[in-house]
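A look at the structure
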Amino acid sequence: GGVDNPWYASPAAFPLLLGCLFILCGFGVFAKGVREGGLVGLAGALHRAVKSLVRQPARQGLIVVLLLIGYYVIVRYHWIKGYGGGNYIASSTVFLSAFALTFHRPSGRFPKISLLIAIVIGAFLISWGVAALFSGPLRVPLP
């Protein structure tokens with residue numbers, strides 16, 4: 001469509017290749033597990049894993065991940081009236097900060113203010129770096 005940049009003309013080729021390779025490797029691991037008799041305990045292991053998701057702290061992590069994914073979907077598809085959802089850096093900073101603050105608990109408590117500031121600054125720098133990389137050298141527009 002009038003695009004002279006080959007990176008933009010086919011941005012999905014490399015992720016699709018990696019995805020296919022991951023799926024093939026996953027099937028290989030699954031097949032080896034079946035040959036070794038891994039299906040015997042699969043039902044019990046799945047039952048225990050699902051049951052553990054309703055207990056603390058796994059429940060808290062599951063709820064936060066689902067809320068963060070919901071937040072990203074709402075921002076991505078512009079389901080909030082009057083909000084453009086185009087600020088990738090702000091949205092990604094909020095997402096990464098909330099994710100890190102939920103799962104980074106070295107002492108089991110909420111982190112100190114210095115670590116909190118470091119997490120938010122780190123999330124901002126990562127978001128800014130990705131935005132700069134994609135809009136600069138790669139010339140791929142962000143949502």
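It should be emphasised that the depicted structure is a prediction, and the values quoted were computed from it without experimental measurement.

About the cut-offs
Residues numbered from 1 in each chain as written. Predicted model: local features only at pLDDT ≥ 70, side-chain atom pairs only at ≥ 80, totals over all residues. Heavy atoms only, no water. Axes fitted to C-alpha atoms, helices over the stretch in contact; angles between N-to-C directions. Helix = DSSP H or I, 4+ residues; strand = E, 2+ residues; numbered from the N terminus. Parallel < 35°, antiparallel > 145°, perpendicular 65-115°, else oblique. Left-handed = near helix turned anticlockwise from the far one by under 90°. Contact = heavy atoms within 4.5 Å. Nonpolar A, V, L, I, M, F, W, Y, C, P; charged D, E, K, R; others polar. Phe/Tyr/Trp six-rings, centres within 6.5 Å; stacked < 30°, edge-to-face > 60°. pLDDT = per-residue confidence, 0-100. Patch = residues over 30% accessible without salt bridge, like charges linked within 9 Å, V, L, I, M, F, W, Y side chains within 5 Å. Areas by Shrake-Rupley, 256 points an atom, 1.4 Å probe, with all protein chains shown as cover. Salt bridge = Lys/Arg side-chain N within 4 Å of Asp/Glu carboxyl O. Buried < 20%, exposed > 50% of the residue type's maximum accessible area, 1.4 Å probe, protein only. Expected span 1.5 Å × (residues − 1).

1. Points about the packing of helix α5 (residues 88-103) against helix α6 (residues 113-135)
- At a minimum axis separation of 8 Å, α5 and α6 run at an interaxial angle of 140°. In terms of axis orientation, α5 runs oblique to α6. Relative to α6, the crossing made by α5 is right-handed. Within the contact between the two elements, α5 uses Tyr88, Ile89, Ser92, Thr93, Leu96, Ser97, Ala100 and Leu101 and α6 uses Leu116, Ile119, Val120, Ala123, Phe124, Ile126, Ser127, Trp128, Val130 and Ala131.
- Classifying every residue of the contact of α5 with α6 gives 14 nonpolar, 4 polar and no charged.

2. What about the packing of aromatic side chains?
- For the structure shown, the criterion picks out 1 aromatic pair.
- Their ring planes at 10° and their centres at 6.3 Å tell us that phenylalanine 95 and phenylalanine 99 sit as a pair that is stacked. With phenylalanine 95 and phenylalanine 99 both in helix α5 and 4 residues apart, the pair spans about one turn of that helix.

3. Quick word on the confidence of the model for the protein
- Of all residues in the protein, 79% have pLDDT values of 70 or greater, and the mean over the chain is 79.
- Predicted confidence in the protein is weakest over helix α1 (residues 6-9), with a mean pLDDT of 56, and strongest over helix α2 (residues 13-35), with 90.

4. Description of a nonpolar patch on the surface
- A cluster of nonpolar side chains, contributed by Phe14, Leu17, Leu18, Leu21, Phe22 and Leu24, occupies part of the molecular surface with about 640 Å² of accessible area.
- Tracing the sequence through the fold places leucine 24 in helix α2.

5. Looking at the environment of alanine 132
- Locating alanine 132 in the fold gives a position in helix α6.
- With a relative accessible area of 31%, alanine 132 lands in the partly exposed category.

6. Considerations on α5
- The first and last C-alpha atoms of α5 sit 22 Å apart over 16 residues, in line with the 22 Å expected at 1.5 Å per residue.
- All of the buried residues along α5 are Ser91, Ser92, Thr93, Phe95, Ser97, Leu101 and Thr102.

7. A look at the side chain of serine 92
- With respect to the helices and strands, the residue serine 92 is situated in helix α5.
- Apart from residues no more than four positions distant in its own chain, serine 92 is found in contact with Tyr72 and Ser127.

8. Examining the environment of tryptophan 128
- Turning to its location among the elements, tryptophan 128 is positioned in helix α6.
- Residues tryptophan 128 and alanine 90, 38 residues apart in the sequence, show an inter-C-alpha distance of 9.1 Å.

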